[in-house]
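Residues per chain, in single letters:
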There are 2 protein chains.
Amino acid sequence: MTKNAIGIDLGGTYTKLALVDSKGKIKHRSRLSTTDYDSRDSLLEAIACEIRALIQKAGLTPGNIEGIGIGVPGLVDFNRGLVYGLTNVRGWKNTPLKLLLERKLKIPVLVDNDVNIMALGECKFGAGRGARNAVCITLGTGVGGGIIIDGSLYRGATFSAGEVGHMPLKEDGLACNCGGYGCLERYVGNRHIASEMKSAIRAGRAPGVKAMVKGDLSSVTPEIVSKAARKGDKAAIALWEKIGGRIGTTLSGIVNLLNPEMIIIGGGVADAGEPLFRPVRRTVKRRSMRIPGRAVKILKAKLGNDAGMIGAAALFF
Amino acid sequence: MTKNAIGIDLGGTYTKLALVDSKGKIKHRSRLSTTDYDSRDSLLEAIACEIRALIQKAGLTPGNIEGIGIGVPGLVDFNRGLVYGLTNVRGWKNTPLKLLLERKLKIPVLVDNDVNIMALGECKFGAGRGARNAVCITLGTGVGGGIIIDGSLYRGATFSAGEVGHMPLKEDGLACNCGGYGCLERYVGNRHIASEMKSAIRAGRAPGVKAMVKGDLSSVTPEIVSKAARKGDKAAIALWEKIGGRIGTTLSGIVNLLNPEMIIIGGGVADAGEPLFRPVRRTVKRRSMRIPGRAVKILKAKLGNDAGMIGAAALFF
């Protein structure tokens, strides 16, 4: 018999909610504009209302719901369901989110970091369906990751495991927001991709991309680079080669360390597709050891914007 | 009630055997010279004899023994107890070691890679006693590692997890035996340490170490460098700073990725002690993220040459 849970993806812009069944299928969904709420408590009350509405819409009662899973953009104490703070959402410092929602709804609540949740969703119901050991990375402004071991999320000693973006790519290197230096994120994050393309345009090496943005360097983004690469633009393809080589270098270390069945790559930058995935795969093959290098599959994430909701619900399946 | 198991550390020079109790204490031990046996089967027969003798010496019967654990220097299929091949021991290609010994002795047998076994021993009964999540690395000719997750060895999809020595230290870099390049091992393995010191001597930058080896560069080893550093030799201390910084760089990536409670460092090179551990700890603190960087303890392995036997027996506890 299929079971049901609520999955919530709390983001800086939208808070997305869904009633998800134990096959990973979204049965009902809704969405709040996170920025519409001027306090944490008013947002929480709105979330509780939406949850009740979803359960009713499905013709169920709170007793039929396994639980409510929530992914948030920040550091979390998973055991206590405590949010230490959120990126881009104010007023959430040290919020006992599990406790507050359980009090309102009398349904079990689990809270985790959004990248962990996405990794769980992709491994249970997305590109990694059935994988026992997998690493999931997200490429965007930041570079995050989640680790699945023996079919469950691995969270580490203080719930901060999975920071693939802050593994050193370079022995020396540029200072990173995290306080370290030479981190992968510093060389493959959104801003860095845009800035490398801008430099190429300024140096006259990317006339095609320059034409696409009508000379307006401020509108150069990874999406533009992807679009240009799809059209066959040489400078754009060369940039993805470089970015993919860097990601592949760090991933080859992860392959040798963790010997995962698969690595799933998601996030906006992953939409670059083959121009990015080709150099990633080639570099992993070239740098990693024979046996783990052959064993690992490198796949694009499948669930897109639904990964957060599906993964959050999957905490209960 | 304490239980008992046999732990065996099969090495290229010696095969060490012990009867170990479930508190990690060695009660009886013996040793064979691996090279005395001209075939795999004669070595296996000798091992079986030694096991019977150990059990008798302890006043036990095969029925009182939980099992026989064996660590071997090579790649193993843990589930099947199959040895794919051994480094420095001939004639072991595709040996069904578990099957062969179980037939001889009618006691359950488990076979694993020697670095995994050492990691398990250190985590259960050595420096990491009680750790749930830990990484153990060994520094020597090669640089190996074992990963403990939730109190058990994590082996990966094809039993090859833990290859810390083959995580890339440099984005580009020297070719490595593994087929990759820029690997940590290539910059901190025994041979590299000796060769950097030899270069320093040739360049006239290490007169103290040169005097210690009486000008004979061929006798420069990591042990000599350790000895010189303990005496306060500046060139030796500077070399350990460099080596420690490199190890710390790779470990900071592991700290951010796995958020382990502790990292245990063993193997001959670890005997360099504080001149090596200081820069390792400093680099990890400087490069890794605040929360996992504060949480992790970096410790020296404690069990020394007994780690293999104790860890192998620990497969049954």
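Above this text you will find the structure in question.
Counting starts from 1 at the beginning of each chain's written sequence and moves along it residue by residue. Lettering of chains starts at A and numbering of ligands starts at 1, both following the order in which they are written. Only residues with pLDDT of 70 or above have their local features reported here, since the model is predicted, and side-chain atom pairs are shown and tallied only from 80 upward, although totals for entire chains, interfaces and linings are computed over all residues.

**Thoughts on the pairing of strand S9 (residues 143-149) of chain B**
Residues and elements named next belong to chain B.
Part 1 of the argument: Any residue with 12 or fewer other C-beta atoms within 10 Å of its own C-beta is exposed, any with 20 or more is buried, and the rest are partly exposed; the C-beta atoms used are placed from the backbone. Numbering of helices and strands runs from the N terminus; a helix is a DSSP stretch of H or I covering at least four residues, while a strand is a stretch of E covering at least two. Across the seven residues of S9, seven count as buried, placing the element largely inside the fold.
Part 2 of the argument: The side-chain alternation of S9 yields two buried faces, one formed by Val-143, Gly-145, Ile-147 and Ile-149 and the other by Gly-144, Gly-146 and Ile-148.
Part 3 of the argument: DSSP calls a pair of strands paired once it identifies at least 2 bridges connecting them. Summarising the sheet, strand S8 (residues 134-139) and S9 pair through six bridges and their orientation is antiparallel. Bridge pairing in S9 places Leu-139 opposite Val-143.
Part 4 of the argument: A loop of three residues connects S8 with S9, the two strands running antiparallel in sequence.
Part 5 of the argument: By the bridge criterion, three bridges tie S9 to strand S10 (residues 152-154) in an arrangement that is antiparallel. Paired with Ile-149 across the strands is Ser-152, a residue of S10.
Part 6 of the argument: Counted along the chain from S9 to the antiparallel partner S10, the turn is two residues long, and its residue Asp-150 has a positive phi close to 55°.

**Comments concerning the sheet that holds strand S3 (residues 26-33) of chain A**
For sheets, the rule is that strands pair by backbone hydrogen bonds, running either parallel or antiparallel.
Residue and element names in this part refer to chain A.
Part 1 of the argument: Reading across the sheet, the five strands line up as S3-S2-S1-S4-S7 and stay open at both edges, with mixed pairing between neighbours. The open sheet has two edge strands with one neighbour each: S3 and strand S7 (109-113). Across this sheet, the average inter-strand angle for adjacent strands is 15°, counted without regard to direction.
Part 2 of the argument: Here strand S1 (residues 4-10) runs beside strand S2 (residues 14-21); their pairing, made up of seven bridges, is antiparallel. What sits directly across from Gly-7, in S2, is Ala-18.
Part 3 of the argument: Note on contacts: each residue gets a C-beta atom placed from the backbone, and two residues are in contact if those atoms are within 7 Å. Working convention: axes come from line fits to C-alpha atoms, limited for helices to the stretch in contact. Angles between N-to-C directions cover 0 to 180 degrees. Against the sheet, helix H2 (residues 97-105) engages strand S4 (65-72) and S7, with an angle of about 150° to S7.
Part 4 of the argument: Together, S1, S2, S3 and S4 form the strand contacts of helix H11 (residues 307-314), whose direction differs from that of S1 by roughly 135°.

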